[in-house]
Amino acid sequence: MRLELGKFGNILTSRPAGKESYLVAQAYSLSKTKGEEKIEVDFSGVEVLTPSWADEFLTPLISNYPGQVVLLPTNNASVKATLDILRLRSP
Amino acid sequence: MYSQKREKIFDFIRESGGTRAKDIMNHLGGNAAGIFRHLKRLQGDGRVYKIGKPPQVRYYAAIPAEGNASALFRRAANWAVSGDARWIKEGEYCQTRDVLRARTARLMQDLKKIVKDNNRVYLLLGAVEEIGNNSYDHNIGQWRDIPGVFLGVDAVNREIVVVDRGQGVFATIRRVEPEVENSAQALRVAFTKIISGRAPEKRGNGLKFVKKVMEEYGFSLVFFTGDALSEIRNTGMIIKESPFAIPGTLAHIIF
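A.B. asks: Could you give me a rundown of the sheet that holds strand β6 (residues 220-233) of chain B, with the residues and numbers involved?
C.D. replies: All names here are of chain B. Overall, antiparallel pairing links the five strands, which are arranged β3-β4-β5-β7-β6 in an open sheet. Strands with a single pairing partner mark the edges of an open sheet, and in this sheet they are β3 (93-94) and β6. Relative to strand β4 (residues 149-154), β3 runs antiparallel, the two being bridged by two bridges. Following the sheet pairing, Tyr-93 is matched in β4 by Phe-150. Set on the sheet, helix α5 (residues 97-114) makes contact with β3, β4 and β5 (159-164); between it and β4 the angle comes to about 10 degrees. Together, β6 and β7 (236-254) form the strand contacts of helix α9 (residues 206-216), whose direction differs from that of β6 by roughly 45 degrees.

A.B. asks: Give a description of helix α3 (residues 77-85) of chain A that names residues and reports values.
C.D. replies: Most of α3(A) sits inside the fold, with seven of its nine residues counted as buried. Listing the buried residues of α3(A) in full gives A:Ala77, A:Ser78, A:Val79, A:Ala81, A:Thr82, A:Leu83 and A:Ile85. Packing partners of the buried residues in α3(A) comprise β4 (48-49), α2 (51-64) and β5 (69-71) of chain A together with α6 (118-139) and α9 of chain B. With its phi angle positive at about 60 degrees, A:Arg87 sits one or two positions after the end of α3(A).

A.B. asks: Give a description of the packing of helix α7 (residues 169-176) of chain B against helix α8 (residues 183-192) of chain B that names residues and reports values.
C.D. replies: All names here are of chain B. Running from amino to carboxyl end, α7 crosses α8 at an angle of 70 degrees, the nearest separation of the two axes being 9 Å. By the angle between their directions, the pair α7 and α8 is classed as roughly perpendicular. Only Ser-183, Ala-186, Leu-187, Val-189 and Ala-190 of α8 make contact with α7, whose side of the interface consists of Val-169, Phe-170 and Ile-173. Across the contact of α7 with α8, the residue classes break down as seven nonpolar, one polar and no charged.

Each value, and the rule that gives it
Residues numbered from 1 in each chain as written. Chains lettered and ligands numbered in written order. Predicted model: local features only at pLDDT ≥ 70, side-chain atom pairs only at ≥ 80, totals over all residues. Heavy atoms only, no water. Pairing = 2+ DSSP bridges. Helix = DSSP H or I, 4+ residues; strand = E, 2+ residues; numbered from the N terminus. Contact = heavy atoms within 4.5 Å. Axes fitted to C-alpha atoms, helices over the stretch in contact; angles between N-to-C directions. Buried < 20%, exposed > 50% of the residue type's maximum accessible area, 1.4 Å probe, protein only. Parallel < 35°, antiparallel > 145°, perpendicular 65-115°, else oblique. Nonpolar A, V, L, I, M, F, W, Y, C, P; charged D, E, K, R; others polar.

Don't take any of this as a statement about function, it's just geometry.
See the structure below:
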């Protein structure tokens, strides 16, 4: 399945917003994953991503779905810098 | 060795509040090689630093707040110290993070017209949001008096300030690192160590991100708290004594 982060907003900042977004994703999107299905995270449409938001969304996502999460490539510098700080990697 | 020409260049940079090499040449005359030789020496002496990437490089005088401070910085510093409403213009006060977020969204549209590379806009606003949200994260319910942050922007001089009247970095960090003895040590921990000032929650990446953005993308940040400040540029981070005491925090970004 694909999680389009752009649908959560173009400016993804703050821990409370990240936490709320993950709770919604869990309730409405992630509940539909089947078995070991890959979960692709698509950063299209995201203009600003910060570690505060990402740590509340991507960190639990990767922890709760080990080996299933794929971070799709992006040219957005704030996304790349955030993933670098959190030590997460796009392929 | 003293050089009258170099001193004239320095004075011009300081009085202009940030200028390009081309403007120096137009104003003072001389050839490009000579001007750049003097600029290199001034940078080596720590008296001047540069912001931005070619062809948008601007040179600034590395002077503490008094005397040469910009109008925006003076308002920010006065508000940081006094909390008096006279220092804030309409639209600059963000009582909650939702208000900050709305301002950031508007600011993005303005910055895209000034900064030609959108990626640099995204990084800059990411840094502003991390600094601002840090203020709320650590101070909700604990503000000295006025809740929220002052977000000020001067698009012409390419400056942004984010200021709060919270507890300050020393009080926050000392809770989790009791051996930290002062604001200078607290700043070093805040910008370089992955540590949560809100332990037992696991946090602590925001200011590391800010430092990375400043160092790698040609911006400048001076971050004041207590009696210390941290200067972060493409040459790295230096922590010094501040010329004045800031009870909460004051971030001054030049882009």
